[in-house]
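Here is what each chain is made of, one letter per residue.
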Amino acid sequence: MLSKKYLLFVFIFLKCYAFAQTTITQTIKGVVLDKQSQTPLPGVIVQVLNSSPLLGASTNDKGEFKIMNVPIGRWQLKFQAISYKEKYITVILNSGKESISVIELEESVIQGQEVVVVAEQDKTKTNNKMSTVSSRVFSAEEAARYAGSRNDPARMAANFAGVSGANDSRNDIVIRGNSPIGILWRLNGLDIPNPNHFGNAGSTGGPISILNNNTLDNSDFMSGAFASDYGNATSGVFDLRMRQGNNEKFEFMSQVGFNGFELGAEGPLSKKKNASFMVNYRYSTLSIFNALNIDFGTGDAIPQYQDVTFKTDFSTEKFGKFSFWGIGGLSYVALLESDKKGDQALYGYSARDTYFRSNVGATGVSHTLLFKNNSYLKTNFGVNGNYNKIITDRIDTAFKTPKNLKPEYRQTTQTIKYSFNTTYNKKFNARNFLNTGVYADFFNTLFVDSVDDFFGVNTFVTLRNFKGEAALLRGFVQWQHKFSDKLSLNTGISNQFFQLNNSNAVEPRLGLKYSINQKQSISLGGGLHSQLQPMYVYFASETKNGIRTETNRGLDFTRAAHAVLAYDNNFSSNFRIKSELYYQYIYNAPVKNTPNYFSALNLGADFESPNVNYLVSTGTGYNYGLELTLEKFYSKGFYFLITSSLFESKYKGSDGVLRNTAFNGNYVFNALGGKEFKLSQKLCISLDVRGTYAGGKRYVPIDLEASIAANEERRNGNEAFNLKYKDYFRLDVKPGFRINSKRVTQEFSVDIQNITKNENVFQQSYDIKNKVIRTDYQLRFFVLPQYRILF
């Protein structure tokens, strides 16, 4: 623990530094576009509010603006144009990096009428033009700022109403009681696989995100009743955008923290052609943390991983805008029970050595072509893939082998997906906007796994063995009509077709928003949503008399009907209160063809990809709940966000019994906030705090007597998900400071997670060696230092 003398020395040093510097300035620049047509807007007035003297600029014929010699710090920008609604944004100006923004203005229906904007930052105004309810925009800065978020968009979203992320080891998020598998990840217009290190086949989460927070732009998060251009999802959507690199100046970044050692660079490829690049590389630091005896949540196993992110952008006069981007990650971990010492925690399987390798990547090309009639065509082509390899060896003193090991389970899965989509967008006038497009995904898949339950000679049994192709085709059309500036309608329909078994899903969607006055609005959203099963489910097989049969190949889409009623009140320029009431009915969920509690609605509750045969699409379920949000947007040096969710999540398996789903925690409460203390223009100290209280995870209890008799873990299905672990509570505190010198910005923070050392249950498992039920706990106390330098 630091001594009082040392703390006093640090404080005196920072104070002396704060008053020993001269004024440092930086540049704010960007481009302003029409929100619907994406055409550049010339003549837009841009002002830096509260600057003295007042700083500002107007956009040129390409919609570009540049404001130079702006003192560093937080500034609010105001954008004004004739016949457009005013817009405000907040930027953080550091000495080591210019501020670059892409601003979209919405045209007013009633021309010439003054439009007063109440909220400084309306986070319901998403990038997606057709979103009505259950959606908000978030920034990369928020993911970095929030205590406990670890620079991870998914962990940041766990603070939003309706979302539960009460898991310290992974970033899977439960939205309104749905499985994490129901989430769609989209990046730069293309649907991508699970963007996390150590993600298992069919999952959507993992311990560490591959997404690099330093490369992300403002992005959208939806938790229900989303627009028609999103398909193959029943729970929620992350629609992420990577930012554009600086096209005029070279900038560099270096960072070290929990997520790894990281280096980044960006700058112009050609100033004449308005081309830029951005690249970041990251390598694991966990092995170093382990040497320092810092517990990072995976027991005594040392995860190894690395990832890379890149993006290039360039514009042409005649052929439009192009971008080429990619992300990729490699990860490996060995959970070796045979090397376990004493009470060491591995979070692996009892009496087993497990080796896990996971590789994932995605790359794409995007093209945007503007037409002269207020319309544009956007086309994306990409390739993505994921690879998993699992090796599990059983430990038993009866085995007369080295370390008493014998092979038990082997799995190799690989999916390569080729994706294409194109969307046409037409703004007819200020009232009417049309968006239509087609999506095509072509899968090349390999699924092979086998198990040996007898440990004899040639006793391995094949579970899945498939190599082939499949395709998912989708088309949609949606229309936005504004009856007035107070009343707007979003409506659309989409259709999905899965070539593997010719299943088809038609999905109508509807959204209606009415502004009661300048501060209050009521919104209604609803529609049908459908999703494929995880690919491994389709290829589960059974072998009888030497003949292997794939029993699940004919499964339908899981389908869900969403209905949402929302009320929003921006009762002050910086304060907002929001409530949402929702109901979801789920049907065609895979269940067993004989009476059983199993339902695919509970997949994603653990690390496994179970092999379950003879499934049929007859399962049902429902979710309903109430969500409340009270938020103060960042202003006057502080912010806060308070959310609460009360919900019920139920399902029926093939036995007809109504049960809690594995994700029915019933309630989640979050409170977070932060304050910046500006000691001078160049030195800022910050403190962020976050607390979460959530209902405990539901589980299927272990049948101890049956487990002892079988020398293997056995669960009591009759009590499936009736019981919960004790409620989850975690308090995180994150102090930090930022120092700006002439051309360099340095940031340091310490994210102290679970500062109260609360014992939150991770899982219960059967200990084969000691013949007892073992309880593993999540992070008891976790310290994540991070240092970043921009220059």
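Model, not experiment: these values are computed from the prediction.

Regarding the nonpolar core
Grouped together as the largest cluster of nonpolar side chains are 31 residues, with contacts concentrated most on Phe 160, Ile 173, Trp 185, Leu 187, Phe 221 and Phe 238. Mapped by element, the contributors of at least two residues to this core are helix 2 (140-145), helix 3 (153-157), strand 11 (183-187), strand 16 (236-240), strand 21 (320-336) and strand 35 (638-652). Dropping the residues within four chain positions of it, Phe 221 is found in contact with Ser 134, Ser 135, Arg 136, Phe 138, Ala 157, Phe 160, Val 163, Ile 173, Ile 175, Val 237 and Phe 238. Within the second largest apolar cluster, 23 residues are counted, among which are Ala 201, Leu 472, Met 535 and Phe 557.

Concerning empty space enclosed by the protein
For the structure on display, the rule yields 15 cavities of 30 Å³ or more. As for the largest cavity, its lining consists of 41 residues, and the residues nearest its centre are Ile 192, Pro 193, Asn 194, Gly 202 and Phe 443. Those elements giving two or more residues to the lining of the largest cavity turn out to be strand 11, strand 22 (352-371), strand 23 (375-395), strand 24 (405-427), strand 25 (432-451), strand 26 (461-482) and helix 5 (535-538). A total of 5 residues in the lining of the largest cavity trace back to one element, the largest contributor, which is strand 25. The class makeup of the residues in the lining of the largest cavity is 17 nonpolar, 20 polar and 4 charged. Surrounding the second largest cavity, 22 residues form its lining, Ser 179, Thr 234, Thr 558, Ala 600 and Leu 601 being those nearest its centre. If you list the elements that add at least two residues to the lining of the second largest cavity, you get strand 32 (558-569), strand 33 (575-592) and strand 35. By residue number, the principal contributor to the lining of the second largest cavity is strand 33, which donates 3 residues. Tallied by class, residues from the lining of the second largest cavity come to 10 nonpolar, 11 polar and 1 charged.

Points about the sheet that holds strand 6 (residues 87-93)
Strand pairing in a sheet relies on backbone hydrogen bonds. The paired strands run either parallel or antiparallel. The antiparallel open sheet is built from 4 strands, whose spatial order is 3-2-5-6. Two strands lie at the open edges of the sheet, namely strand 3 (55-58) and strand 6, each paired on one side alone. For this sheet, the mean angle separating the axes of adjacent strands, direction not counted, is 20 degrees. Inspection of the sheet shows strand 5 (residues 73-80) paired to strand 6 by 7 bridges, in the antiparallel sense. Bridging across to strand 6, Trp 75 finds its partner in Val 91.

A short note on the pairing of strand 43 (residues 761-767)
Taking burial as the measure, the 7 residues of strand 43 include 6 buried ones, the bulk of the element. Inspection of the sheet shows strand 43 paired to strand 44 (residues 772-777) by 6 bridges, in the antiparallel sense. Following the sheet pairing, Gln 763 is matched in strand 44 by Asp 776. The antiparallel pairing of strand 43 with strand 44 creates a hairpin that spans 4 residues between the two strands, and Lys 771 there sits at a positive phi of about 55 degrees.

With respect to the environment of Asn 384
Here Asn 384 shows up in strand 23. Distance from Asn 384 to Ala 362, taken between C-alpha atoms, is 4.0 Å for residues 22 residues apart in sequence. In contact with Asn 384, not counting residues within four places along its chain, are Asp 191, Ile 192, Pro 193, Gly 361, Ala 362, Thr 415, Ile 416, Lys 417 and Ser 419. Side-chain polar atoms of Asn 384 contact the backbone oxygen of Asp 191, separated by 3.3 Å.

Some points on the confidence of the model for the protein chain
Overall, the predicted model of the protein chain reaches an average pLDDT of 89, with 92% of residues at or above 70. Note on residues 112-120: pLDDT is under 50 here. Beyond four places in sequence and across chains, it has 20 contacts.

Some points on the packing of aromatic side chains
If you walk through the whole model with that rule in mind, you get 27 aromatic pairs. Measuring from ring centre to ring centre gives 5.9 Å for Phe 160 and Phe 221, while their planes differ by 50 degrees; the resulting arrangement is tilted. In this pair, Phe 160 sits in the loop between helix 3 and strand 9 (163-164) while Phe 221 sits in strand 15 (residues 219-222), placing the two residues 61 residues apart along the sequence. We classify Phe 160 as buried; its relative accessible area is 4%.

Here's the deal with the pattern of salt bridges
One pass over the full model with this rule turns up 46 salt bridges. The partner of Glu 266 in a salt bridge is Arg 243, with the nearest N and O atoms 2.7 Å apart. Placement of the pair is Glu 266 in strand 18 (residues 260-270) and Arg 243 in the loop between strand 16 and strand 17 (251-257), with a sequence separation of 23 residues. This pair shows no difference in class: Glu 266 is buried, exactly as Arg 243 is. As a salt-bridge pair, Glu 712 and Arg 352 come within 2.7 Å of each other at their nearest N and O atoms.

Basis of the calculations
Chains are numbered independently. Their residues run from 1 in the order of the written sequence. Residues qualify for local features only when their pLDDT is at least 70, as the model is predicted, and side-chain atom pairs are given and counted only at 80 or more; totals for whole chains, interfaces and linings, by contrast, use all residues. Remark: hydrogens and water are excluded; side-chain values derive from all non-hydrogen atoms of the structure. Nine residue types can take part in a nonpolar core, namely buried Ala, Val, Leu, Ile, Met, Phe, Trp, Tyr and Cys, and a core is a set of them joined through side-chain atoms within 4.5 Å. Summary of the burial criterion: residues with accessible area below 20% of their type's maximum are buried, those above 50% are exposed, and those between are partly exposed, where the area comes from a 1.4 Å probe applied to protein chains only. Helix and strand assignments come from DSSP, with helices taken as H or I runs of at least 4 residues and strands as E runs of at least 2, each series counted from the N terminus. By the convention used here, residues are in contact when the closest approach between their heavy atoms is within 4.5 Å. Only protein atoms enter the calculation, which uses a 1 Å grid: trapped sets of points that fit a 1.4 Å probe without letting it out are cavities, open sets showing protein on both sides within 12 Å along at least five of seven lines are pockets, and any residue with an atom within 4 Å of a point is a lining residue. Grid points are joined across faces, edges and corners, and a volume is the space filled by probe spheres set on the points. For this classification, the nonpolar set comprises Ala, Val, Leu, Ile, Met, Phe, Trp, Tyr, Cys and Pro, the charged set comprises Asp, Glu, Lys and Arg, and every other residue, Gly included, is treated as polar. Two strands make a pair as long as DSSP finds a minimum of two bridges between them. An axis is simply a line fitted to the C-alpha atoms; with a helix, the fit covers only the stretch in contact. Between two such axes, the angle follows the N-to-C directions and lies from 0 to 180 degrees. Polar contacts, as counted here, are pairs of nitrogen or oxygen atoms within 3.5 Å of one another; within protein the pair requires one atom able to donate a hydrogen and one able to accept it, and residues that are adjacent in sequence qualify only if both atoms are side-chain atoms. Scored from 0 to 100, pLDDT reflects the predictor's confidence in each residue. Here a Phe, Tyr or Trp ring, Trp counted by its six-membered ring, pairs with any other such ring whose centre lies within 6.5 Å, and the pair is stacked when the planes are under 30 degrees apart, edge-to-face when over 60, and tilted otherwise. One side-chain nitrogen of Lys or Arg within 4 Å of one carboxyl oxygen of Asp or Glu is enough to make a salt bridge.

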